[in-house]
Amino acid sequence: MNPKWWKENVVYQIYPISFKDSNGDGIGDLRGVISKLDYLQELGVDMIWICPIYKSPNHDNGYDISDYCDIMKEFGTMDDFDTMLREIHARGMKLMMDLVLNHTSHEHPWFIESRASKDNPKRDYYIWRKGKNGGPPNNWESYFSGSVWELDPQTDEYYLHLYSKYQPDLNWENPVVIDKLHEMVQWWLKKGVDGFRFDAIAHIAKTHGYPDALNPAGTPTVRAYEMFSNLENVHTLLQNLHDQVLYYYDIMTVGETSGLGPEQALDYVGDGRRELNMTFQFEHMFIDAASPGSGKWDVVPWSLLDLKQIITNWQTVLHDQGWNANYLCNHDQPRSVSRFGNDLYYRVPSAKMLATFIHMLEGTPYIYQGEEIGMTNVAFESIDNYRDVETLNYYEERRRAGVPEEKIMAAIHAKSRDNARTPMQWDDSHEGGFTTGVPWLKVNSNVMEINAMNAVKDPDSIYHYYRQLIALRKQHKVIVYGKYELLLPDDNEIYVYTRTLEDQQLLVILNFFDKEPVCQLPSGVVSEKSQLLISNYPLVKGEDLAQLKLRPYEARVYLQSLKEGAAN
Ligand code: GLC
Ligand code: CA
C-alpha cells in the first residue's frame, strides 16, 4: 500500500482574496488568514493550499504573477508570509503554495523586456510569432474566449496566451527560462513550504511549430486544447523539475491537469515516474456539460451513472499505481452543494452526503473554503456585480454573438467562478465578518443563516460532520488505503461502494437525491456486527439492513471485520 504522509492528509484550500480581510479594505489578506488558523486547526485539516499570493496586477486574481519572489501588496508583506508559515507550522499544519509556471503577468519584468524589441535578450522568454494572412499565427482558441494570440503593435508580432491576454505563456523551449523557474521553486522550498499545487501544468509544452488545429476530417477547428495539453514533453520537463529540485525535499505535489483519463494520469503520478504525487482530474467536472466539445457553459442535468463510471474508473486504475486527489469544488467551480446536492430543501444533509462521498474515496480529500459550512452559489442579477475575467469575457462574447441577456445570465449563475469566490461567511455581523469595509465581491445574501459562527455552535452542523470525517481518517487506515469496489453499478439514485484493506472493510452508502429509495445490499457487506462509523441522519431502531429504506441524501459508513466471527 506504499504509505505516505500526503496520502493520509486532508487539504483545505484558501482563496485568500475572499477568506478574511484584516484591515478593512475589502480584500482578504495574510493577516486575515493568520487570524483564522485556529479555526482550521479545530477543523482538523493537515495541509493548507493557498491560491497565489505573489505580486500581481490581479487580472486573474493572482494567477497573473509579476514577481514570483514577492507578496501581492494587497495581501501583505514577506514578513506577514513568514509569520503565517511559522504560525501554520506551530499548529502542526503544513502549507502548499500555488505556483503558476505556464505563464506570468504581462507586467512581469521579463515580459516587459521581451516585448520591447525583437532582439531583446529576453525576447525568447515568451512565445512570439508573425501573423498569417492578416490574422493570428494559428486558429487555437484561448480558455478565456477568443484567439490565444494577441498582436503587440510595438513589434508587430503576436504573443501566445492560453488564458487572458494579461497572462502571456512562458517559453519552456528556452533552457534559460527553465533554469530561472527551477531556481525560484528552490527559493520557496528553502523558505520551508511543504508542497506545491502546479497551476495549468498540463500546458507548459505546446505542439511544436504551432500548426493549425484540425478536426479528424482535416478541417480547421478552434477547440484545440489537445494541441497544448498533456503532450509528451510535459513529462520530460516535469521529470527534470523533479530530479533537479523537488526530489531533495519531503513535500506534496499536485498538478492541475485537465483533459486526461486515469491511464494518462499515471504518466504524471505513476509510482516510479518521478513527476508528481497526484493530479486534479476534470472528467467529473464535465458531467453537467451538454457535450464534451461544448465547453462548461452549456449546462445539462447530470446523471449519477456517469459520475459512478468516471470515479470508479479513476479509483480502479490508480489503485496501487498512483494516487487520486478528490474534490467537488474549488475556486474555478460552482459550489458543490448547489451543483451536486440540493441547496434549496436539503442543504445540510446533501452537503454532508457529498462530504462523505469525497472523504471515503481512495485519494487525498480537498475541502474548498466554505464547503465545510455548506456555502452556496450566488445569482447576482447584473453582470456589473461579477469580477471574474473568464465570466466577463464570456458575457461580452455571447452578447456580441446576439445571445439574449437572460440566457447568458442563467449560464453565469450556474457556472461562473465567482460562485465559489464570494467572501467566506464567518458570522452574522457586517458583511458576514469578512471585512469591516466594502468587500471586493458581494457577500452571498444567505449569510445570516449560513456562517461559520452558527456552524461551530451547532453540533449537528456540516462543519462538525467534516470534523468527524477528518478524525475518522486518522483512526482507520482502511479509509486511506482500502481498495475501492463499486456495488449496485446500475442504480441511478444510490451510490454504494466498499473499501477493503486486509481484514477491514468499509461500506459507504450514499443516496444522491431527494427520493427515498430502498437499498438492497448484497449479502455479507453489512451485518448486525458492523459498526456505523458516521451517518447524516439519526439511526432507525430495528430496521432491516438487507432492505434499507434511505432518507433524502442519506449517507452512512459502516465498518466490518472480515475475520470470521469477529465483532469488528
Ligand atoms: C488555473 C487556475 C485558474 C486560473 C488559470 C490560469 O486553471 O485554477 O484559476 O485562471 O489556471 O492561471
Ligand atoms: Ca485587506
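Higher on the page you've got the structure.
The text that follows walks through the structure, step by step, so that each part is easy to find. Numbers given for residues are sequential positions, taken from 1 along each chain in its written order. Key to labels: chains lettered from A, ligands numbered from 1, both in the order written. Residue-level local features of this predicted model are given only where pLDDT is at least 70; pairs of side-chain atoms are given and counted only at 80 or more, and the full residue set underlies all totals for whole chains, interfaces and linings. With hydrogens and water set aside, each side-chain value is computed from the structure's full complement of heavy atoms.

### A closer look at the nonpolar core
Next up, step 1: Residues Phe81, Phe196, Phe357 and Tyr366 are the most contacted members of the largest nonpolar core, which totals 159 residues.
Next up, step 2: Any two residues whose heavy atoms approach within 4.5 Å are treated as being in contact. Not counting residues within four places of it along the chain, the set of residues in contact with phenylalanine 196 comprises Met96, Met97, Leu99, Val185, Trp188, Leu189, Leu246, Ile251, Met252, Thr253 and Val254. For our purposes a nonpolar core is just a set of buried Ala, Val, Leu, Ile, Met, Phe, Trp, Tyr and Cys residues, chained together by side-chain atoms within 4.5 Å. When accessible area is computed with a 1.4 Å probe and restricted to protein chains, residues below 20% of their type maximum are described as buried, those above 50% as exposed, and intermediate ones as partly exposed.

### Overview of the environment of isoleucine 204
Next up, step 1: Only DSSP runs of H or I reaching four residues or more are called helices, and only runs of E reaching two or more are called strands; each is numbered from the N terminus. Note on placement: isoleucine 204 falls in the loop between strand 9 (195-199) and helix 7 (232-244).
Next up, step 2: A relative accessible area of 4% means that isoleucine 204 is categorised as buried.
Next up, step 3: Those residues in contact with isoleucine 204, other than ones at most four positions away along the chain, are Leu101, Asn102, Trp172, Val234 and Leu237.

### Focus on the site of ligand 1
Next up, step 1: Near ligand 1 there are 13 residues, and of these Asp60, Asp199, Glu256, His331 and Asp332 occur at the shortest range.
Next up, step 2: Using a 1.4 Å probe, accessible areas were evaluated by the Shrake-Rupley method; residue-level cover was limited to the displayed protein chains. Considered on its own, ligand 1 offers 310 Å² of accessible surface; in the complex 96% of this is hidden by protein.
Next up, step 3: For this scheme, ten residues count as nonpolar: Ala, Val, Leu, Ile, Met, Phe, Trp, Tyr, Cys and Pro. Four count as charged, namely Asp, Glu, Lys and Arg, and the remainder, Gly too, count as polar. Among the residues forming the shell around ligand 1, the class breakdown is three nonpolar, three polar and seven charged. Whether a residue is near a molecule or strand depends on its heavy atoms: if one lies within 4 Å, it is near.

### As for the layout of surface pockets
Next up, step 1: Think of a 1 Å grid over just the protein atoms. A cavity is a set of points where a 1.4 Å probe fits yet cannot get out, a pocket is an open set with protein on both sides within 12 Å along at least five of seven lines, and lining residues have an atom within 4 Å of a point. Grid points are joined across faces, edges and corners, and a volume is the space filled by probe spheres set on the points. Here the second largest pocket is characterised by a volume of approximately 440 Å³.
Next up, step 2: Along its surface, the second largest pocket is lined by 21 residues, and Lys4, Trp6, His242, Leu276 and Asn277 are the ones closest to its centre.

### Points about empty space enclosed by the protein
Next up, step 1: Going through the model one piece at a time under the given rule, you end up with five cavities of 30 Å³ or more.
Next up, step 2: Taken as a whole, the largest cavity encloses approximately 60 Å³ of empty space.
Next up, step 3: The wall of the largest cavity is formed by Arg335, Ser336, Val337, Ala351, Leu354, Ala355, Glu371, Gly374, Met375 and Tyr466.
Next up, step 4: For the lining of the largest cavity, the secondary structure elements donating two or more residues are helix 10 (336-339) and helix 11 (347-359).
Next up, step 5: Per element, the largest residue contribution to the lining of the largest cavity is three residues, and it comes from helix 11.
Next up, step 6: Looking at side-chain class alone, the lining of the largest cavity contains six nonpolar, two polar and two charged residues.

### So, the coordination of the calcium ion (ligand 2)
Next up, step 1: Each metal's donors comprise the N, O and S atoms found within 2.8 Å of it (within 3.2 Å for Na, K or Ca). Water is not part of the atom list, so some coordination spheres may appear incomplete. The protein atoms donating to the calcium ion (ligand 2) are Asp21 (OD), Asn23 (OD1), Asp25 (OD), Ile27 (O) and Asp29 (OD), with metal-donor distances spanning 2.3 Å.
Next up, step 2: Take aspartate 25: its relative accessible area is 35%, and that puts it in the partly exposed class.
Next up, step 3: The class for aspartate 29 is buried, based on a relative accessible area of 2%.

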